[in-house]
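Residue-level structural notes
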Amino acid sequence: MTLGPRLEEFRGVWRLEREIGDRYGGRALRFEGTATFAGDADRLSLVEQGRMLVPGQPPMAAERTYLWQADGEGIAVFFEDGRPFHWIEPGLRPEAQHDCPPDLYLVRYDFRHWPHWSAEWKVNGPRKDYTMTSWYRPEG
């Protein structure tokens, strides 16, 4: 059985493309940029940098940071300030969730075509209803 990629296999720079289908706003947003994983064998910082493309508006610079840490056979993901976000279980299509009342975030990673991979988030709450899909491929 394939366990999927190990933490250290993410290290480096990835090309990142993202689509956000906002059902409440009735529009599709895009993000284009890079995802850079840097650190040691047990802990990586993930910095996403690029441009958010909103229909009818000029491109906006966007950036966010997460921390990824080896945790047994899986990967624990934290917000930049160290708060827990979710856990990526071993496997080629692991799923996870983050409960942030009143909103619920569900994610499915897809590592079947490694080193090309994706993450699809479905987010629902009283003021949120969107699907966000991110595609990653090695830079270069």
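You'll find the structure just up there.
All of the points below concern the structure found in this document. Just so we're clear, the structure is a prediction, and the values are computed from it rather than from any experiment. Every residue gets a number counted from 1 within its own chain, in the order that chain's sequence is written. The predicted nature of this model means local features are confined to residues of pLDDT at least 70 and side-chain atom pairs, given and counted, to a pLDDT of 80 or more, with totals for whole chains, interfaces and linings taken over all residues. Only hydrogens and water are set aside; all other atoms, that is, all heavy atoms of the structure, feed into the side-chain values.

Examining the pairing of strand β7 (residues 95–100)
Here is the key point about a regular strand: its side chains alternate between the two faces of the sheet. How we decide: For two strands to count as paired, DSSP must find a minimum of two bridges between them. Each helix corresponds to a stretch of at least 4 residues labelled H or I by DSSP, and each strand to a stretch of at least 2 residues labelled E; elements are numbered beginning at the N terminus.
Sheet analysis places β7 next to strand β8 (residues 103–113), joined by six bridges and oriented antiparallel. Within the sheet, the bridge partner assigned to Cys100 lies in β8 and is Asp103. Hairpin connection of β7 to β8: two residues between the antiparallel strands.

Description of the pattern of salt bridges
Stated formally: Criterion for a salt bridge: a side-chain nitrogen of Lys or Arg within 4 Å of a carboxyl oxygen of Asp or Glu.
Taken as a whole and assessed by the stated rule, the structure comprises 15 salt bridges. Put simply, Arg6, Glu8 and Glu9 are held in one network by salt bridges that share partners.

Quick look at the layout of surface pockets
The condition is simple: Definitions used for this entry: grid spacing 1 Å over protein atoms alone; cavity, a set of points where a 1.4 Å probe fits but cannot get out; pocket, an open set with protein on both sides within 12 Å along at least 5 of 7 lines; lining residue, one with an atom within 4 Å of a point. Grid points are joined across faces, edges and corners, and a volume is the space filled by probe spheres set on the points. Residues were grouped as follows: Ala, Val, Leu, Ile, Met, Phe, Trp, Tyr, Cys and Pro as nonpolar; Asp, Glu, Lys and Arg as charged; and all remaining residues, including Gly, as polar.
Volume-wise, the largest pocket comes out at about 440 Å³. For the largest pocket, the lining is made up of 28 residues, of which Arg64, Tyr66, Phe85, Trp121 and Met132 are closest to its centre. Examining the composition of the lining of the largest pocket, we find that five residues originate from one element, strand β4 (residues 60–71), more than from any other. For the lining of the largest pocket, a count of residues per class yields 20 nonpolar, three polar and five charged. Empty space within the second largest pocket amounts to approximately 250 Å³. Pro5, Arg6, Leu7, Glu73 and Gly74 are, among the 19 residues lining the second largest pocket, the residues nearest its centre. Class assignment for the residues of the lining of the second largest pocket results in ten nonpolar, four polar and five charged.

Structural measurements only, silent on function.
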